[in-house]
Protein chains: 2
Amino acid sequence: MQKPLILIANDDSIAAKGIKTLAEIMSKIGEVFVVAPDSHQSGMGHAITLDRPLRVNQVKDFLPNVEAYQCSGTPADCIKFGKHFLLKGRKIDLVVSGINHGSNSSISVIYSGTMSAAIEAAIEGIPAIGFSLCDFGADADFSHTEQYIVQIAQKVLQNGLPKGIALNVNFPKKSEEAIKGIKVCRQTDALYRETFQERQDPYGKKYYWMDGFLQNDDTAGGNDEDALAENYVSIVPAKFDLTDYKALDTIKEWF
Amino acid sequence: MQKPLILIANDDSIAAKGIKTLAEIMSKIGEVFVVAPDSHQSGMGHAITLDRPLRVNQVKDFLPNVEAYQCSGTPADCIKFGKHFLLKGRKIDLVVSGINHGSNSSISVIYSGTMSAAIEAAIEGIPAIGFSLCDFGADADFSHTEQYIVQIAQKVLQNGLPKGIALNVNFPKKSEEAIKGIKVCRQTDALYRETFQERQDPYGKKYYWMDGFLQNDDTAGGNDEDALAENYVSIVPAKFDLTDYKALDTIKEWF
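A quick note: this is a predicted structure, and the numbers were derived from the prediction, not measured.

So, on to the UniProt feature "binding site: a divalent metal cation" (unreviewed entry) in chain A. Mapped onto this numbering, the UniProt entry gives "binding site: a divalent metal cation" (unreviewed entry) at Asp11(A), Asp12(A), Ser42(A) and Asn100(A). Spatial clustering of the annotated residues is evident: they stretch over 90 residues in sequence, but the largest pairwise C-alpha distance comes to 9.1 Å. Looking at the element boundaries, Asp12(A) is found in the loop between β1 (5–9) and α1 (17–26). Using a relative accessible area of 6% as the deciding quantity, one classes Asp12(A) as buried. When sequence neighbours within four positions are dropped, the list of residues in contact with Asp12(A) reads His40(A), Ser42(A), Ile99(A), Asn100(A) and His101(A). A distance of 3.3 Å separates a polar atom in the side chain of Asp12(A) from a polar atom in the side chain of Ser42(A). Mapped onto the fold, Ser42(A) is located in the loop between β2 (31–37) and β3 (56–63). Not counting residues up to four positions away in its chain, the partners in contact with Ser42(A) are Asp11(A), Asp12(A), Ile48(B) and Leu50(B).

So, in structure tokens, the structure goes:
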């Protein structure tokens, strides 16, 4: 049987520990290509590069048996380049993105470059999964994620995914307590509360640092923040048809 | 009665004709503040600025009775700055974004900086509308949009919006034919087909221009591309809870 063709991206850049970890795991399952940003692209949302060309360079010695490229664009650009140029004419069986250094649960899915790569692949009709770890550390411990990554990737390779979605998978930070299992759940209804720190540069001009924390008032249960807090792996099926079908009728009555 | 407080952003920058047009229209309805990017931010999706501070400067003589600021960040940053710093403690009654020079119908909603500003406001619980014109020209004719912008904004000010959505409003390009009316519809299931043009810089190094066209095979009717093609204004209620509730049960059976 032919090995599945797997394309990997992330938003923490080609130099991150998370993508090397993910590529190592995936290279045991399939034929692996990596196209990842050449610099940090966290919080890039679903940005694409329209106003300038892209630079793409092969990265030698990334991993044995893994062809890896760094790209000057966004995570979504990386998928577009991988699909429409690098692997043009070949059927990509799976796109995986990550492992992100930091959570992409709850509303973070909207801001996440990791998930934009997965969603971009889903738009292209490719089964896709974004993996994120609730640990921002550059040297984060990903050792507890491997068995779940393999399990979830194999399930998706076997079954495909329903049309129009990518999976948003988040892992609890490594702790002494073992992971309890997997919970398939909904996106938590929470939001970031921002503050802006006003500072002055050495030339007397103002600038502002944006900072924030997740304010979670979602107590209805069954969401991804709950699952992670209980030491489960969370999986949310994330869609790119943003239409709120329930709201359609309300708005139709107005006009 | 007190005038409604209206915050305006866009992604084409403070210098665009579209945002000045929108601010002129809105200043007849309410007290208007503008926070817009200082440079072009098209295709920025829901990017936010995490790795550097923001510069924000007041723009004098933008319009009479309109307080306007240019910001070095993304459209979503502009809303966060407007809400949590500039207008801190005040209740914003409406956020409008645009008028975008170019369509944000169909899958473009995902890549759109214009819509990310509106959706960011919706996340904050503020009624929000993104307006876009199917005309990329810097000097596009927006004259046919005013009556609809006023009508839609007034409806939203009167009724609010269902929780969890922003309106994605697109206008046909100005033509000799009059607009037929408004259609409230779903997001078209279409995608961009990209090509990458490989070129060589003067130093012999390769670079790639990404280009694409919208491939629309959605023939099921009732979508925003159909409405625009028939010379209607399209309105899609766009949500930020990406959970695909229909897919939840399918995925749950796997684990």
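With that out of the way, let us pick up the sheet that holds strand β8 (residues 182–184) of chain A. Two pairing modes exist for strands in a sheet, parallel and antiparallel, and in both the strands are linked by backbone hydrogen bonds. All names here are of chain A. If you walk across this open sheet you meet the nine strands as β3-β4-β2-β1-β5-β6-β7-β11-β8, and the pairing is mixed. Lying at the two open borders of the sheet, with one neighbouring strand each, are β3 and β8. Taking the axes of each pair of neighbouring strands and ignoring which way they run, one obtains an average angle of 25° across the sheet. Sheet topology places β2 next to strand β4 (residues 66–71); six bridges connect them, and they run parallel. Bridge pairing links valine 34 to alanine 68 in β4.

Residues and elements named next belong to chain B. Pairing within the open sheet is mixed, and its nine strands lie in the order β3-β4-β2-β1-β5-β6-β7-β11-β8. Both outer strands of the open sheet, β3 (56–63) and β8 (182–184), are each paired with one neighbouring strand and no more. Averaged over all pairs of adjacent strands, the angle between strand axes in this sheet comes to 25°, irrespective of strand direction. Sheet topology places strand β1 (residues 5–9) next to strand β5 (residues 94–101); four bridges connect them, and they run parallel. Residue pairing across strands places isoleucine 6 opposite leucine 94, the latter belonging to β5.

The rules behind the values
Residues numbered from 1 in each chain as written. Chains lettered and ligands numbered in written order. Predicted model: local features only at pLDDT ≥ 70, side-chain atom pairs only at ≥ 80, totals over all residues. Heavy atoms only, no water. UniProt positions renumbered as here; feature names shortened; annotations may be inferred. Helix = DSSP H or I, 4+ residues; strand = E, 2+ residues; numbered from the N terminus. Buried < 20%, exposed > 50% of the residue type's maximum accessible area, 1.4 Å probe, protein only. Contact = heavy atoms within 4.5 Å. Polar contact = N/O pair within 3.5 Å; in protein donor to acceptor, adjacent residues only side chain to side chain. Pairing = 2+ DSSP bridges. Axes fitted to C-alpha atoms, helices over the stretch in contact; angles between N-to-C directions.

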